[in-house]
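Results of the structural survey
Listed below, chain by chain, are the residues.
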Amino acid sequence: MTVDSIKNGVVIDHITAGGGMEIYELLGLGSSNATVAIMKNVPSTKMGRKDIIKIDGDMAINLDVIGYVDPCATVNIIRDGVLVEKKSIDMPALLTDVIRCKNPRCITSTEQELAHVFKLTDRENRVYRCIYCETKGEAKRT
Ligand code: ZN
């Protein structure tokens, strides 16, 4: 694919510069077969610098991941070269199996089948806490 245009796919735009890799990892794009382009530090009139991820092909995107890493990012769905849908992004109230609890004494480390669920406890500071042990969710955010 060319980096400028895709016919069918998803464009995650307006990612705060530096956040692209984390979204890429949390969406599991590294292990998918999709053709993916990450552009880092793209000059932006609005943001100074931004990251962009382009995914060629139909793919269900976990919008919770985007909302968690960067609620200001935009997700555009492209069909036949035309922008058909702009997804609205918001911080999810609950984040399920996106990040893992790092507390070794948390029940999720012994009960392997338990989902790792984090709850948004502080919207302003974008703090998520494990619903089982209240450990803060760690993200290498920018
Ligand atoms: Zn926990």
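Residues numbered from 1 in each chain as written. Predicted model: local features only at pLDDT ≥ 70, side-chain atom pairs only at ≥ 80, totals over all residues. Heavy atoms only, no water.

Our next topic: the confidence of the model for the protein. Where the model shows low pLDDT, its predicted coordinates should not be examined in detail. For the protein, mean pLDDT is 91; residues scoring 70 or higher make up 94% of the total. Averaged pLDDT values for the elements of the protein fall to 93 in strand 5 (residues 82–87) and rise to 97 in strand 7 (residues 117–122). (pLDDT = per-residue confidence, 0-100. Helix = DSSP H or I, 4+ residues; strand = E, 2+ residues; numbered from the N terminus.)

This next bit is on the sheet that holds strand 6 (residues 94–96). Taken in spatial order, the 3 strands make up an open sheet running 6-7-8, and their pairing is antiparallel. In this open sheet, the two edge strands, each paired with only one partner strand, are strand 6 and strand 8 (127–130). Neighbour to neighbour, the strand axes of the sheet diverge by 35° on average, direction disregarded. (Pairing = 2+ DSSP bridges. Axes fitted to C-alpha atoms, helices over the stretch in contact; angles between N-to-C directions.)

On to the sheet that holds strand 2 (residues 35–44), then. Here 5 strands make up an open sheet; going across it, the order is 2-3-1-4-5 and the pairing antiparallel. The open sheet terminates on both sides in strands that have one partner only, identified here as strand 2 and strand 5. If you compare each strand with its neighbour and ignore which way they point, the axes differ by 20° on average. For strand 1 (residues 9–16) and strand 4 (residues 74–79), the ladder comprises 5 bridges, and the chain directions are antiparallel. Looking at the pairing, Val-10 lines up with Ile-77 of strand 4.

Here Asn-41, not a glycine, exhibits a phi torsion of approximately 55°, which is positive. Residue position: Asn-41 is located in strand 2. Overall, Asn-41 belongs to the partly exposed group, its relative accessible area being 41%. The residue Arg-126 is not glycine, and still its phi comes out positive at about 55°. (Buried < 20%, exposed > 50% of the residue type's maximum accessible area, 1.4 Å probe, protein only.)

We now examine the pattern of salt bridges. Under the criterion given, the structure shown has 5 salt bridges. A salt bridge links Asp-13 to Lys-50, with the shortest nitrogen-to-oxygen separation between them at 3.0 Å. Residue Asp-13 is found in strand 1, and its partner Lys-50 is found in strand 3 (residues 48–56); the two are separated by 37 residues along the sequence. Lys-50 sits in the buried class, given a relative accessible area of 11%. Notably, a salt bridge pairs Arg-79 with Asp-58, separated by 3.0 Å at the nearest N-O pair. (Salt bridge = Lys/Arg side-chain N within 4 Å of Asp/Glu carboxyl O.)

The protein atoms that coordinate the zinc ion are Cys-101 (SG), Cys-106 (SG), Cys-130 (SG) and Cys-133 (SG), at distances of 2.2 to 2.3 Å. With 4 donor atoms in place around the zinc ion and angles of 103 to 112° between them, the coordination shape is tetrahedral. Each donor residue of the zinc ion belongs to the same chain, with the gaps between them written as C-x4-C-x23-C-x2-C. Linking Cys-101 in the loop between strand 6 and helix 3 (107–110) with Cys-130 in strand 8, this pair joins segments that are 29 residues apart in sequence. (Donors = N, O, S within 2.8 Å, 3.2 Å for Na, K, Ca; no water. Tetrahedral: all angles 85-135°; square planar, octahedral: opposite > 155°, others 65-115°.)

Time to look at the domain arrangement of the protein. Each domain of the protein was delimited in the assignment, giving domain 1 (9–88) and domain 2 (94–130). Using C-alpha coordinates to define each centre, domain 1 is positioned 24 Å away from domain 2. Across the contact, 8 residues belong to domain 1 and 6 residues belong to domain 2. Of the roughly 560 Å² buried where domain 1 meets domain 2, counting both sides, 66% is carbon and sulfur surface. Of all residues in domain 1, Leu-26, Asp-64 and Tyr-68 give up the largest surface area on contact with domain 2, accounting jointly for 71% of the area buried on that side. Summed over the shared surface of domain 1 and domain 2, the result is 0 salt bridges. Between domain 1 and domain 2 we count 1 residue pair in polar contact (both at pLDDT 80 or more) in total. In terms of residues, the side of domain 1 that touches domain 2 owes the most to one element, helix 2 (residues 63–69), which gives 4 residues. When grouped by side-chain class, the residues that make up the side of domain 1 that touches domain 2 number 5 nonpolar, 1 polar and 2 charged. (Domains from an automatic or database assignment. Contact = heavy atoms within 4.5 Å. Buried area = accessible area lost by both parts, 1.4 Å probe. Polar contact = N/O pair within 3.5 Å; in protein donor to acceptor, adjacent residues only side chain to side chain. Nonpolar A, V, L, I, M, F, W, Y, C, P; charged D, E, K, R; others polar.)

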